[in-house]
Amino acid sequence: MAGLKRDRIRNIGIIAHIDAGKTTLTERVLFYTDRAHRMGEVHEGTAIMDFMDEERERGITIASAATCCTWSGHRINIIDTPGHVDFTVEVERSLRVLDGAVVVMCGVAGVQAQSETVWRQADRYGVPRVVFVNKLDRVGADFERVLDDIVTRLGARPVPVQIPWGLEKDLAGVIDLVSMQALSFDETSQGKDMHAGPVPAELQDDAALARGALLEALADASDEFAEVYLEHEDASPEADILAALRAATISGQLVPVLCGAAFRNVGVQPLLDAVLHCLPSPLDVPPARGRRPHDDSEVICEPDPDGPLCALAFKTIWAHQGDLTFLRLYSGTLEVAAQVFNPRTGKTERVNRMFVMHADEREAVERAEAGDIVAVVGLKSTATGDTLCTRAEAVALEGLSFPDPVISMSIEPHSLKDKDELVRVLDLLARDDPSFSWRVNEETGQMLVAGVGELHLEVLRHRIERDFKLQVRVGEPRVAYRLTVGGSAEAEAVFDREIGTKALYAGIRLAIEPDPDAWPLQVENRLSKEDVPPIFHQAVEASVRDAAQGGLGPGFPFGGVRVTLLGGISREQGSSELAFSHAAHLALEQAVARAGLLLLEPVMEFEVSCPQQFLPGVNSDLSTRRARVQSLRTDSDPALIRGTVPLSGIFGYSTVLRSLSQGRASFSVEPRSYEPVPGAAARAILA
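Rules used in this analysis
- Residues numbered from 1 in each chain as written.
- Predicted model: local features only at pLDDT ≥ 70, side-chain atom pairs only at ≥ 80, totals over all residues.
- Heavy atoms only, no water.
- Helix = DSSP H or I, 4+ residues; strand = E, 2+ residues; numbered from the N terminus.
- Rg over C-alpha atoms; globule rule 2.2 N^0.38 Å.
- Buried < 20%, exposed > 50% of the residue type's maximum accessible area, 1.4 Å probe, protein only.
- Pairing = 2+ DSSP bridges.
- Axes fitted to C-alpha atoms, helices over the stretch in contact; angles between N-to-C directions.
- Contact = heavy atoms within 4.5 Å.
- Parallel < 35°, antiparallel > 145°, perpendicular 65-115°, else oblique.
- Left-handed = near helix turned anticlockwise from the far one by under 90°.
- Nonpolar A, V, L, I, M, F, W, Y, C, P; charged D, E, K, R; others polar.
- Domains from an automatic or database assignment.
- Core = buried A, V, L, I, M, F, W, Y, C linked by side-chain atoms within 4.5 Å.
- Salt bridge = Lys/Arg side-chain N within 4 Å of Asp/Glu carboxyl O.
- Phe/Tyr/Trp six-rings, centres within 6.5 Å; stacked < 30°, edge-to-face > 60°.
- pLDDT = per-residue confidence, 0-100.
- Patch = residues over 30% accessible without salt bridge, like charges linked within 9 Å, V, L, I, M, F, W, Y side chains within 5 Å.
- Areas by Shrake-Rupley, 256 points an atom, 1.4 Å probe, with all protein chains shown as cover.
- Lys, Arg positive; Asp, Glu negative; His and termini not counted.
- Charge placed at Lys NZ, Arg CZ, Asp CG, Glu CD.
- Polar contact = N/O pair within 3.5 Å; in protein donor to acceptor, adjacent residues only side chain to side chain.

S.K.: Where do I start with the overall build of the chain in this structure?
M.R.: Looking only at helices and strands, the chain has 16 helices and 38 strands in total. For the chain, the C-alpha radius of gyration of 28 Å lies close to 26 Å, the compact-globule estimate for 687 residues. For the chain, the spread of C-alpha atoms along the three principal axes comes to 100 × 65 × 55 Å. Burial statistics for the chain: of 687 residues in total, 55% are counted as buried.

This is the structure we're talking about:
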C-alpha cells in the first residue's frame with residue numbers, strides 16, 4: 001500500500017500440478033512470516049487458503065485465493081492457484097497480473113501434465129519463475145530426475161541453487177550452493193528455527209560440483225559475472241552470484257531450482273529468500289501497454305504512483321457483503337470514493353470500499369498505488385478483463401483469454417417458480433467464471449450449462465445449491481461438439497418474393513472455407529457498391545453472422561469458417577435490408593450444404609501413472625476409448641503413459657482406472673484441440 005517503495009514489493013503466484021503441495025507450502029509461508037498464528041493443513045480441512053466448503057471437503061484448491069505477507073522488509077502479495085485442469089482459468093487470470101511465480105513440483109512424480117500447462121501459461125505472459133521441488137521426503141523422490149524433466153519436457157534451463165541433504169526418510173535439510181552451508185529446520189518449532197552449518201563431509205564433493213555448475217551457468221548468462229568468475233572462480237562473492245542469478249531469472253535465461261518438503265517444514269524460508277533475491281518487483285518488469293480507445297494509439301503505463309490511473313480487473317466474486325472486483329494497479333493511485341472509467345462500457349463507477357485480501361478475510365485500506373493488488377466493492381458493470389482508468393486519460397489494456405467449454409449438461413430448478421432466480425444465478429456465475437457459460441436450447445427449451453470438465457460443472461452445481469440455496473436437477477454430462485465445413489464452396493442465392501403488396505428482391509454471392517482460427521466465423525466484405533449499395537452491407541454481414549450463430553446443423557454450434565462476400569444483385573424497386581438479409585442467409589445455407597458439414601469433438605491430452613503390473617489392462621482399456629498413445633515410459637515404476645483421447649472417451653474413467661489398478665493408478669487430462677469425429681461415430685451422433 002501507500003508508503004512502501006515499489007522495489008520492495010513482490011507479486012507472485014504459486015502454480016503447479018494438482019497434489020504437488022502448493023497450498024501446504026503457502027500455509028507454511030503464512031506461518032513463518034507471522035501472517036497466520038497456526039499452520040493449516042489440507043488433509044485436515046484447516047488450510048487458510050482453501051476456505052470454500054467444497055475445497056475443504058475435496059482437499060483441493062478450486063478458486064485462486066489472494067493473501068499478503070512480509071519477509072525481510074518486503075511485502076509479498078501471493079495468489080495460491082488451483083492445480084486441477086478444470087480450474088485452469090484461475091491460473092490464467094492470476095498469471096496475467098503477476099510479476100513472478102513459484103512453480104511447485106512433486107519430487108516423486110516430477111513434471112506432470114498440468115505442470116506443462118501452467119508452464120506454458122507463464123511463458124505466454126513472460127512471467128519469471130523459480131522452481132521448488134517438493135515432497136523429497138516421500139518414497140521414490142528423485143531430485144535429479146525432476147531436473148531432467150524440466151529440461152526435456154519444459155524446454156527450460158534449470159539451475160539448482162540448492163541440493164537436498166538426504167532423500168526420503170533421511171531428508172535432513174538442504175545444502176545452499178550460494179553460501180555453501182547446510183540448512184536444517186528444527187522440528188520442535190515446526191521448522192520456524194533454521195540452523196546453518198558446514199556442509200557434511202559426505203556431500204562436499206556433490207555440493208562443489210553443483211556449485212561449479214551454477215557458477216558456470218551464470219557466467220554463460222552474464223558477461224559481467226563471467227569476469228567475476230574468471231577472477232574468483234569458486235570463491236566468487238555471494239553478492240555477485242545473487243545479482244547475476246536475479247538478472248538471469250528475470251530475463252528468462254535461467255530458472256533457479258530450490259528443494260525441500262513443505263509438509264515436513266523443510267526448505268520454506270530459503271524459498272522466501274529466493275522470491276526476494278530472484279523474482280522481480282513491479283519496477284523490474286516491462287511496463288503495461290494499452291491503447292487509446294479514441295484513436296488506437298499505444299500507451300505505456302509506467303509503474304508510477306503519480307501517473308494516470310491504469311488498473312486491470314482480473315477477477316470478480318459474488319459475495320453477500322458486496323461483490324468483489326480484484327484489481328492490479330499498473331499505474332497511478334486509487335482511493336476509496338474515487339470515480340473510475342471503464343472504456344469497454346463507457347461508464348464511470350464509484351469505488352465504495354477497498355481491501356487487501358487474506359483468503360476470505362478483508363483488511364480495509366483507503367489507498368492503493370501502482371504495483372498493488374487489491375479488491376474493491378462498488379463496481380457493478382465491471383467484468384473480468386476490463387481496464388479501469390480516468391475518463392480524461394482513457395486507456396484499454398489487452399484483456400484475458402480463457403478456455404472454451406468442452407462439456408455441457410441440462411439444468412432446471414426443482415420448482416418452476418425458481419426459474420427466474422436460476423437465470424440470475426447462472427448469469428452471476430458466468431460473470432465470475434469466464435470458462436463457464438449457459439444458454440437455452442431453442443429446439444427443446446432446456447437450459448444448458450457448459451464448462452471445461454465434469455468436476456467444474458459439479459462444483460458449480462454445488463455452489464448453486466449451497467451459496468444461493470437453490471435446488472436444481474441436472475442431466476448427464478454431454479460433450480460440447482462443434483460443426484464446421486469440410487471444404488470450400490461458393491453459392492449464389494436470390495430472394496425474390498412478394499409480401500403483401502410489397503415486392504422484395506436481392507441476390508448475394510459468397511464463398512466459404514474452413515478456418516480453425518476464426519471462431520465462430522470471420523466475414524470478409526468484397527461487395528462493390530455498384531452491385532450492393534453500401535447502405536445494405538451491414539445487414540448482409542449481420543445476416544451471415546446470425547445464420548451461423550443460429551446453427552446450420554443439428555443443434556451444435558457452427559463456426560471455424562471464413563465467409564467472403566463476393567457480389568450481389570439489387571434493384572431500385574424491391575431491394576431492402578430485409579431482402580438482402582434473406583438472400584445472405586440462403587446463400588450461406590447453400591454454400592455450407594455444398595462444402596459439407598464436419599463434426600468436431602474436443603480432444604484431450606492425457607497422462608496415466610500406472611504400476612507396471614497393471615499396464616497391459618490399462619493399455620487395452622485405453623484402446624477401446626479411441627486413445628492414441630504417444631509415449632510410454634517404463635524405465636521407472638510406476639510407468640507413465642501419455643497421449644490423446646476424445647473427451648467422450650474419458651467420462652467416468654477415474655472409476656474404471658481405479659478398478660483396473662486396485663486404486664493405485666492416477667490420471668490427468670488437459671484440453672488440446674477440436675478434431676474431426678471419425679465417420680461412423682459422427683454419423684451415429686448426427687443421426
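S.K.: Just checking my understanding: could you explain the sheet that holds strand β6 (residues 158-160) for this structure?
M.R.: With mixed pairing, 7 strands are arranged side by side in an open sheet as β2-β3-β1-β4-β5-β11-β6. Among the strands making up the open sheet, the edge pair consists of β2 (65-71) and β6. Shown here is a sheet whose adjacent strand axes are inclined to one another by a mean of 30°, direction ignored. Examined bridge by bridge, β6 and strand β11 (residues 255-259) share 3 bridges and lie parallel to one another. Each bridged residue has a counterpart across the sheet, and for P160 the counterpart in β11 is V257.

S.K.: I would appreciate a short explanation of the environment of P671 in the present structure.
M.R.: Mapped onto the secondary structure, P671 falls in strand β38 (residues 666-676). With 153 residues separating them along the chain, P671 and A518 place their C-alpha atoms 18 Å apart. Discounting residues that sit within four places of it in the chain, P671 has contacts with V85, V603 and M604.

S.K.: Would you explain the packing of helix α3 (residues 88-97) against helix α4 (residues 113-124) in this entry?
M.R.: Geometrically, a packed helix pair is captured by the angle between its two axes and the distance between the axes. With their axes 9 Å apart at the nearest point, α3 and α4 run at an angle of 25° to one another. The pairing of α3 with α4 is recorded here as roughly parallel in orientation. Every pair of crossing elements has a handedness; the one defined by α3 and α4 is right-handed. The segment α3 lies against α4, with T88, V91, E92 and L95 engaging Q114, T117, V118, Q121, A122 and R124. When its residues are assigned to classes, the contact of α3 with α4 shows 4 nonpolar, 4 polar and 2 charged.

S.K.: Looking at this structure, how should I read the domain arrangement of the chain?
M.R.: Many analyses report the size of an interface as the accessible area lost when the parts associate. If you check the domain split of the chain, you get domain 1 (6-173 + 239-278), domain 2 (288-397), domain 3 (407-480), domain 4 (484-595) and domain 5 (601-686). Domain 2 and domain 5 are separated by 43 Å when their C-alpha centres are compared.

S.K.: Please explain the pairing of strand β27 (residues 447-451) as it appears in this structure.
M.R.: Note on strand geometry: in a regular strand, side chains alternate between the two faces of the sheet. Judged by how many residues are buried, β27 sits mostly within the fold: 5 of 5 residues are covered. Along β27, one buried face is formed by M447, V449 and G451 and the opposite face, lined by L448 and A450, is buried too. Pairing analysis gives 5 bridges linking strand β25 (residues 407-413) to β27, with the strands arranged antiparallel. Paired with I407 across the bridge in β27 is G451. Where strand β26 (residues 437-440) meets β27, 4 bridges bridge the pair, whose relative direction is antiparallel. In the strand pairing of β27, V440 is matched with M447.

S.K.: Looking at this structure, I do not really get the nonpolar core. What am I missing?
M.R.: Nonpolar side chains tend toward joint burial in soluble globular proteins. I76, V102, M105, V131, I150 and F225 are the most contacted members of the largest nonpolar core, which totals 83 residues. Among the elements that line this core, the one with the most residues is helix α6 (residues 204-221), at 8 residues. Leave out the neighbours within four places in its chain, and I76 touches R10, I12, T67, C68, C69, W71, L272, V275 and L276. L504, V561, V618 and I641 belong to the second-largest nonpolar core, a separate cluster that totals 77 residues.

S.K.: Where do I start with the pattern of salt bridges in this structure?
M.R.: Side chains that differ in sign of charge can pair as their charged atoms come close. For the structure shown, the criterion picks out 41 salt bridges. The partner of R526 in a salt bridge is E524, and the shortest N-O contact between them spans 3.1 Å. Under the relative-accessibility criterion, E524 is labelled partly exposed at 29%. Members of the salt-bridge network, linked through shared partners, are R6, R75, E335, R367, E369 and D372.

S.K.: Help me understand the sheet that holds strand β34 (residues 561-569) in this model?
M.R.: Sheet strands line up and pair through hydrogen bonds in the backbone, either parallel or antiparallel. Taken in spatial order, the 4 strands line up as β31-β32-β34-β33 in an open sheet, and their pairing is mixed. Only two strands of the sheet have a single neighbouring strand rather than two, namely β31 (489-499) and β33 (521-525). For this sheet, the mean angle separating the axes of adjacent strands, direction not counted, is 25°. Here 8 bridges tie strand β32 (residues 502-514) to β34, and the two strands are oriented antiparallel to one another. Opposite R509, over in β34, you have G567 as the bridge partner. Across the sheet, helix α12 (residues 537-550) lies against β32, β33 and β34, angled at about 160° from β33, the strand it touches most. Seen against the sheet, helix α13 (residues 577-595) touches β31, β32 and β34 and runs at an angle of roughly 35° to β32.

S.K.: Could you clarify how one ought to interpret the packing of aromatic side chains in this entry?
M.R.: Aromatic ring pairs are defined here through the distance separating the ring centres and the angle between the ring planes. Following the criterion strictly, the structure yields 7 aromatic pairs and no others. For the pair W318 and F468, a centre-to-centre distance of 4.4 Å together with 40° between the ring planes defines the contact as tilted. Taken together, the positions of W318 in the loop between β14 (310-317) and β15 (324-331) and F468 in the loop between α11 (454-467) and β28 (472-474) put the pair 150 residues apart, joining distant regions of the chain. You can call W318 buried: its relative accessible area is 17%. Judged by its relative accessible area of 9%, F468 is buried. Seen from their ring centres, Y481 and F556 are 5.6 Å apart, and the 65° between their planes marks the pair as edge-to-face. Of this pair, Y481 sits in the loop between β29 (478-479) and β30 (482-485) while F556 is found in the loop between α12 and β34, placing the two residues 75 residues apart along the sequence.

S.K.: Before we go on, may I ask you to explain the confidence of the model for the chain in this structure?
M.R.: Note: predicted coordinates in regions of low pLDDT should not be interpreted at a detailed level. Per-residue confidence for the chain averages 90 on the pLDDT scale, and 97% of its residues sit at or above 70. Summarising per-element confidence for the chain, the mean pLDDT is lowest in helix α2 (residues 53-58) (71) and highest in β11 (98).

S.K.: Please clarify how a negative patch on the surface should be interpreted in this entry.
M.R.: Negative charge collects at one region of the surface, where E144, D148, D205 and D206 lie side by side. Looking at the negative patch, the elements that each hand over two or more residues are α5 (143-154) and α6. Tracing the backbone shows E144 in helix α5.

S.K.: Can you walk me through the environment of R562 in this structure?
M.R.: Within the secondary structure, R562 sits in strand β34. On the basis of relative accessibility, which here comes to 22%, the residue R562 falls in the partly exposed class. Counting along the chain gives 44 residues from R562 to A518, while the straight-line C-alpha distance between them is 6.7 Å. A polar atom in the side chain of R562 sits 2.9 Å from the side chain of D515.

S.K.: Whenever I open this one, unusual backbone geometry confuses me. Can you help?
M.R.: Negative phi is the rule for most residues except glycine; trans is the rule for most peptide bonds. Cis geometry marks the peptide bond from W519 to P520, where omega comes out at 0°. Turning to its location among the elements, P520 is positioned in the loop between β32 and β33. One non-glycine residue, D34, adopts positive backbone phi at about 65°. Considering the arrangement of structural elements, one finds D34 in the loop between α1 (22-32) and α2. The exposure class of D34 is exposed, given its relative accessible area of 58%. One non-glycine residue, M180, adopts positive backbone phi at about 55°. With respect to the helices, strands and loops of the structure, M180 is situated in the loop between β8 (173-176) and β9 (181-185). What makes M180 partly exposed here is its relative accessible area of 27%.

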